[in-house]
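Summary of the model geometry
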Amino acid sequence: MFEYAVAEGVFVSFQRYRCPAADGLTALPTSAGALPLCIVGAADAAARLLVALPADEACWIGITGGRHAAPALIGLLARTGGNTWLDLLSGVELRNFTAHTSTRVPPSRQVIGFPKNDGGWLPFCLEPGLDGLPASGDLVLVVGPDPAGAAGQPGAVTVEIRFAGVQDFERDCGERVPELNTDSVYKGRRLP
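Residues numbered from 1 in each chain as written. Predicted model: local features only at pLDDT ≥ 70, side-chain atom pairs only at ≥ 80, totals over all residues. Heavy atoms only, no water.

Thoughts on the overall build of the chain
Regarding its fold elements, the chain presents one helix and 14 strands. Residue burial in the chain is summarised as follows: out of 192 residues, 45% are buried. Counted over contacts in the chain with a minimum sequence separation of 6, partners at least 24 positions apart contribute 65%. With the model as given, the accessible surface of the chain reaches about 9600 Å², and the carbon-plus-sulfur share is 51%. (Helix = DSSP H or I, 4+ residues; strand = E, 2+ residues; numbered from the N terminus. Buried < 20%, exposed > 50% of the residue type's maximum accessible area, 1.4 Å probe, protein only. Contact = heavy atoms within 4.5 Å. Areas by Shrake-Rupley, 256 points an atom, 1.4 Å probe, with all protein chains shown as cover.)

Concerning the packing of aromatic side chains
As enumerated under the stated definition, the model contains three aromatic pairs in all. Their ring planes at 90 degrees and their centres at 6.0 Å tell us that Phe14 and Phe163 sit as a pair that is edge-to-face. Of the two residues, Phe14 sits in strand S2 (residues 10-18) while Phe163 sits in strand S14 (residues 157-164), which places them 149 residues apart along the sequence. Taken together, the ring pairs in this structure connect Phe14, Phe114, Phe124 and Phe163 into an aromatic cluster. (Phe/Tyr/Trp six-rings, centres within 6.5 Å; stacked < 30°, edge-to-face > 60°.)

Some details on the state of the cysteines
Summed over all chains, the structure comprises one disulfide. Cys125 provides the cysteine sulfur closest to Cys59, a residue in no disulfide bond, and the two sulfurs are 9.0 Å apart. The cysteine Cys125 is free of any disulfide, with Cys19 supplying the nearest cysteine sulfur at 4.5 Å. Using a relative accessible area of 0% as the deciding quantity, one classes Cys125 as buried. (Disulfide = S-S within 2.5 Å.)

What about the nonpolar core?
Counting 33 residues, the largest nonpolar core has Phe14 and Leu141 as its most contacted members. Mapped by element, the contributors of at least two residues to this core are strand S1 (4-7), S2, strand S4 (46-52), strand S5 (57-65), strand S6 (72-81), strand S12 (121-125), strand S13 (139-145) and S14. Examining the composition of this core, we find that four residues originate from one element, S6, more than from any other. Of all hydrophobic cores here, the second largest spans eight residues; its members include Cys19, Leu25, Ala58 and Cys125. (Core = buried A, V, L, I, M, F, W, Y, C linked by side-chain atoms within 4.5 Å.)

Section: the side chain of Glu57
For Glu57, the location among the structural elements is in strand S5. Overall, Glu57 belongs to the buried group, its relative accessible area being 3%. A distance of 2.7 Å separates the side chain of Glu57 from the side chain of Arg16, its partner in a polar contact. (Polar contact = N/O pair within 3.5 Å; in protein donor to acceptor, adjacent residues only side chain to side chain.)

Considering the environment of Glu175
Summarising the element assignment, Glu175 is placed in the segment after helix H1 (166-173). Relative accessible area serves as the criterion here: at 23%, Glu175 is assigned to the partly exposed category. In this structure, the C-alpha to C-alpha distance between Glu175 and Ala52, residues 123 residues apart in sequence, is 9.7 Å. Residues in contact with Glu175, not counting those within four places in the same chain, are Met1, Pro36, Leu37, Cys38, Phe169 and Glu170.

Printed below as a string of structure tokens:
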């Protein structure tokens, strides 16, 4: 599986690219395709996703809303230790998980990486190895109905996201991780 429905008509995917230099990113990298993912369980109404992330690669997160999708509010947080969270949309460190920033989908949105103070981003990568790049730990995607949307929409749900190396992903998910193909069919078109 290469995308996951987080709400009716709203999907999350993890777009892969070769891990950049240690100084980080200043713009959205071109996707070389989506990384595979699988559902590894659920706890307290939260789905748990395992996303393959080879050691020499990084990814950005695409959140796509279809034309007929009910509007949803999306928040994305990274656990930075203990009960501390980094709001990946605002760059603000939080102690209260529920006080996060949200963005409306549709339209489609992209989360490039960990926000830096200079306006750039550090990439989502599994291993820190490159001069201070943070290793991507637990991420939580929070999906709630748009208060301005239609009545009767379901309440907020969370999706726990964990990145795994190729061997761990293939063992736990029973799926092969395709090699990175920078000559992919996308021909430089950014996804989603």
